[in-house]
Amino acid sequence: MTQSIVLQLQQLRQQLEEYSYQYYVLDNPSMPDAEYDRLYRQLQQLEAAHPELITADSPTQRVGAAPISKFGQVAHSISMLSLDNAFDAGEFHAFSKRIAERLDASAEFSFCCEPKLDGLAVSIRYENGLLVQAATRGDGYTGEDITSNVKTIRAVPLKLKGDKVPAVLEVRGEVFMPLAGFTAMNDKARSEGEKIFANPRNAAAGSLRQLDPKISAQRPLMFYAYAVGAVDDVSGLLDNHSHHQRLMQLKDWGLPVCPEIRLVSGGEAALECYQDILTRRAALAYEIDGVVIKVDNLTQQQALGFVARAPRWAIAFKFPAQEMLTSLLDVEFQV
Ligand code: NAD
């Protein structure tokens, strides 16, 4: 019995490793995300039933993939983790119950609800208001140095606005390709007989991870900030207890923040927000694959902490799958 479970675990890990390599390293997935998520969930459930068989290198214990050597490496002073997923309201309620129990709280939580942008996580470092470095998430601890490429994204300020800027500010967010730019770029490639991209996520990842920043500069990339990493700030402008307020401060410093972000009170309001964004998904200017629901209070976030590869205070409530494997396999695309 255990022997067959060990074998099943090995097979699942091997499969997921290979898919992750194609997705993160080659920017060339061979599998729809929904199918990857299904196998990942299967692995999580098997490991939950047999915790003694969890290995440190299991995909459930790791974030992303190690940086590739063609780029310089950047060590993240605060690690860039992944997110746990919920696939239905029941799983969201379980998340909400877990955090209430852990904090021993009976009152409703404030949640910050944010579209889950389908792009690439990056960390951008400002020193005394000037952009000095940008890196991919990589394996969460070490990312790839993509400073020159990020500097070509027009929405990313090279200098923060205002007089009271922090000595150090690391902004975390998503680089993505808005749908209009993606379609125009593919139409042009098609008319010129060139290869086209399979989807905006891979177009964004492939465009950003170019050795020649002139190529990145031609790609219609966009950035939305969604978190703060390392910070050294005497102005006190970030000294509040609300994640949402911090995002609004980033906006004041000139960083783009997604206009769909909402601060709500309680789990039911968070679910309504999820439903509202799901209903309007097709009308948005960019692709999203869910809503990230975060406990807003930073003191509560700190008390909740992290598990292996994700914070306990946030969940990615994924939308039902809409992509098809055929759409991936039918199309060749460039990186
Ligand atoms: P994830 O994409 O499920 O969640 C974490 C990421 O969400 C963050 O790193 C960040 O980039 C992003 N994000 C977007 N908006 C955000 C916001 N407002 N706040 C915080 N984060 C936000 O986790 P992951 O570990 O990056 O990737 C796992 C996912 O990648 C899987 O669920 C799967 O769908 C996909 N994947 C697919 C394949 C494949 O072969 N198709 C392979 C590997 C991974």
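Quick caveat: nothing in here was measured; it's all calculated off a predicted structure.

What counts and what doesn't
Residues numbered from 1 in each chain as written. Predicted model: local features only at pLDDT ≥ 70, side-chain atom pairs only at ≥ 80, totals over all residues. Heavy atoms only, no water. Near = heavy atom within 4 Å. Polar contact = N/O pair within 3.5 Å; in protein donor to acceptor, adjacent residues only side chain to side chain. Areas by Shrake-Rupley, 256 points an atom, 1.4 Å probe, with all protein chains shown as cover. Helix = DSSP H or I, 4+ residues; strand = E, 2+ residues; numbered from the N terminus. Nonpolar A, V, L, I, M, F, W, Y, C, P; charged D, E, K, R; others polar. Contact = heavy atoms within 4.5 Å. Axes fitted to C-alpha atoms, helices over the stretch in contact; angles between N-to-C directions. Left-handed = near helix turned anticlockwise from the far one by under 90°.

## Observations concerning the site of the ligand
(1) Moving on: Taken together, 26 residues form the shell around the ligand, and within it Tyr-24, Met-31, Asp-37, Ser-82 and Glu-174 come nearest.
(2) Moving on: In this structure, an oxygen atom belonging to the ligand sits 3.4 Å away from a side-chain N or O atom of Tyr-226.
(3) Moving on: Within the contact set of the ligand, a nitrogen atom lies 3.0 Å away from a side-chain nitrogen or oxygen of Lys-294.
(4) Moving on: Relative to its unbound accessible surface of 820 Å², the ligand loses 93% to contact with the protein.
(5) Moving on: Elements that contribute at least two residues to the shell around the ligand include exactly α1 (2–25), α2 (33–49), β3 (110–117) and β10 (288–295).
(6) Moving on: Residues that form the shell around the ligand fall into these classes: 14 nonpolar, 3 polar and 9 charged.

## Quick look at the environment of Asn-85
(1) Moving on: Relative to the helices and strands, Asn-85 is located in strand β2 (residues 85–86).
(2) Moving on: Sequence separation between Asn-85 and Val-291 is 206 residues, and the spatial gap between their C-alpha atoms is 10.0 Å.
(3) Moving on: Ignoring anything within four residues of it in the chain, the contact list for Asn-85 reads Arg-41, Glu-91, Ile-315, Ala-316 and Lys-318.

## Here we look at the packing of helix α3 (residues 89–103) against helix α9 (residues 267–280)
(1) Moving on: Relative to each other, α3 and α9 sit at 145°, their axes nearing to 11 Å. Along this stretch, α3 crosses α9, giving a crossing that reads as right-handed. Each of Ala-89, Phe-92 and His-93 in α3 lies in contact with α9, whose residues at this interface are Gly-267, Glu-268, Ala-270 and Leu-271.

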